[in-house]
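Here is how the chains run, residue by residue.
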Amino acid sequence: MASERQARIPAELTSRARWVRHKDKVPLRTDGRFASVKNPSSWSDYRAVASASTGDGIGFVLAAGDGIVVVDLDHAVEDGSVLPWAQAIVDQLPPTYMERGRSGTGLHLWFRGAVPAGRRIRKGELAFEVYSDRRYIIVGDRVPGTPLSLAVLPDAAGLIASL
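Scoring rules and cut-offs
- Residues numbered from 1 in each chain as written.
- Predicted model: local features only at pLDDT ≥ 70, side-chain atom pairs only at ≥ 80, totals over all residues.
- Heavy atoms only, no water.
- Salt bridge = Lys/Arg side-chain N within 4 Å of Asp/Glu carboxyl O.
- Helix = DSSP H or I, 4+ residues; strand = E, 2+ residues; numbered from the N terminus.
- Buried < 20%, exposed > 50% of the residue type's maximum accessible area, 1.4 Å probe, protein only.
- Phe/Tyr/Trp six-rings, centres within 6.5 Å; stacked < 30°, edge-to-face > 60°.
- Pairing = 2+ DSSP bridges.
- Axes fitted to C-alpha atoms, helices over the stretch in contact; angles between N-to-C directions.
- Polar contact = N/O pair within 3.5 Å; in protein donor to acceptor, adjacent residues only side chain to side chain.
- Contact = heavy atoms within 4.5 Å.

### Here we look at the pattern of salt bridges
Taken as a whole, this structure holds six salt bridges when the rule is applied. For the salt bridge of Arg-112 with Glu-12, the shortest nitrogen-to-oxygen distance reads 2.9 Å. Residue Arg-112 is found in strand β8 (residues 107–112), and its partner Glu-12 is found in helix α2 (residues 11–14); the two are separated by 100 residues along the sequence. For Asp-31, the salt bridge goes to Arg-33, with nearest N and O atoms at 2.8 Å. A relative accessible area of 48% places Asp-31 in the partly exposed class. Salt bridges here are not isolated pairs; linked through shared partners, they connect Arg-16, Arg-18 and Asp-66.

### Looking at the environment of Gly-158
Along the chain, Gly-158 turns up in helix α5 (residues 156–162). For Gly-158, a relative accessible area of 30% puts it in the partly exposed group. With 43 residues separating them in the primary sequence, Gly-158 and Val-115 have C-alpha atoms 8.9 Å apart.

### Re the packing of aromatic side chains
Centre distance and the angle of the planes are the two values used to describe a pair of aromatic rings. Inspection of every chain in the model, using the stated rule, returns four aromatic pairs. Ring centres 5.2 Å apart and planes at 75° place the aromatic pair Trp-19 and Phe-60 in the edge-to-face group. Highlighted residues: Trp-19 in strand β1 (residues 19–23) and Phe-60 in strand β3 (residues 57–62), separated in sequence by 41 residues. Under the relative-accessibility criterion, Trp-19 is labelled buried at 0%. The exposure class of Phe-60 is buried, given its relative accessible area of 0%. Seen from their ring centres, Tyr-97 and Trp-110 are 6.4 Å apart, and the 50° between their planes marks the pair as tilted. Here Trp-110 lies in strand β8 and Tyr-97 lies in the loop between α4 (84–92) and β7 (98–100), a separation of 13 residues in the sequence. According to the relative accessible area criterion, Tyr-97 is buried, its value standing at 1%.

### Regarding the sheet that holds strand β2 (residues 26–28)
Here we have four strands laid out as an open sheet, ordered β2-β1-β3-β11, and antiparallel in their pairing. Looking at which strands have only one partner, the edges of the open sheet turn out to be β2 and β11 (135–138). Each neighbouring strand pair of the sheet contributes to a mean axis angle of 45°, computed without reference to strand direction. As defined by bridge partners, β1 adjoins β3 across four bridges and the pair is classed as antiparallel. Residue pairing in the sheet places Val-20 in a bridge with Gly-59 of β3.

### Quick word on the side chain of Ser-132
Looking at the element boundaries, Ser-132 is found in the loop between β10 (126–131) and β11. Among the residues examined, Ser-132 registers a relative accessible area of 8% and is labelled buried. Engagement of the side chain of Ser-132 in a polar contact is seen with the backbone oxygen of Val-115, the distance being 3.2 Å. Sequence-distant contacts of Ser-132, defined by excluding residues within four places in its chain, comprise Leu-62, Ala-63, Ala-64, Ile-68, Val-69, Ala-114 and Val-115.

Note that every value here comes from positions in space, so none of it alone points to a role or purpose.
Structural data, given as C-alpha cells:
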C-alpha cells in the first residue's frame, strides 16, 4: 500500500526526509510526539512515515532552501468539479503535480521555486495561500491527469501577486 501511494507522489518529494504524520492538522513524528516545522530532527523519510500508523495521514514539511512552493486553494472543488475562480488560477500556472486536500474541496499545486514569505491572498470572499517554508502540507490524492512532477515557477512571488 505504501509503495502504491508513493508511485502517485512525485519522487522530488518522496526522496526528501521532510515527512511527518498528522492528527487533527497537528504535525506528528512517527512515534506520535509533536513534530515541528522548524526542527528537521522531528521529520522522517517517506517510507518511515508511510508505514507508521500514528495519526490520520501524512504531510510534507516545506523548508527554506528546498525550492518547493505550494499554492493551496481552499474550497475550490464542489460536487467533484473545480470551481471557476480556482480553475482560472490553475489555468494561469504551468501544469504541475496537483492533489485534492484531505477535505476533498481544496487543491494543492506543487512547484519548484520560492516565495520570500508565505502569504494568504484574498480576492473578495475567496482566499488562497502560498508557502515555501515553515509549513507542512497534508498530502491528499493526486488529481488524475496532472503531471507526476513539479513545474518550475521562476517568479513565484510575482506571478502569485498578479493572480
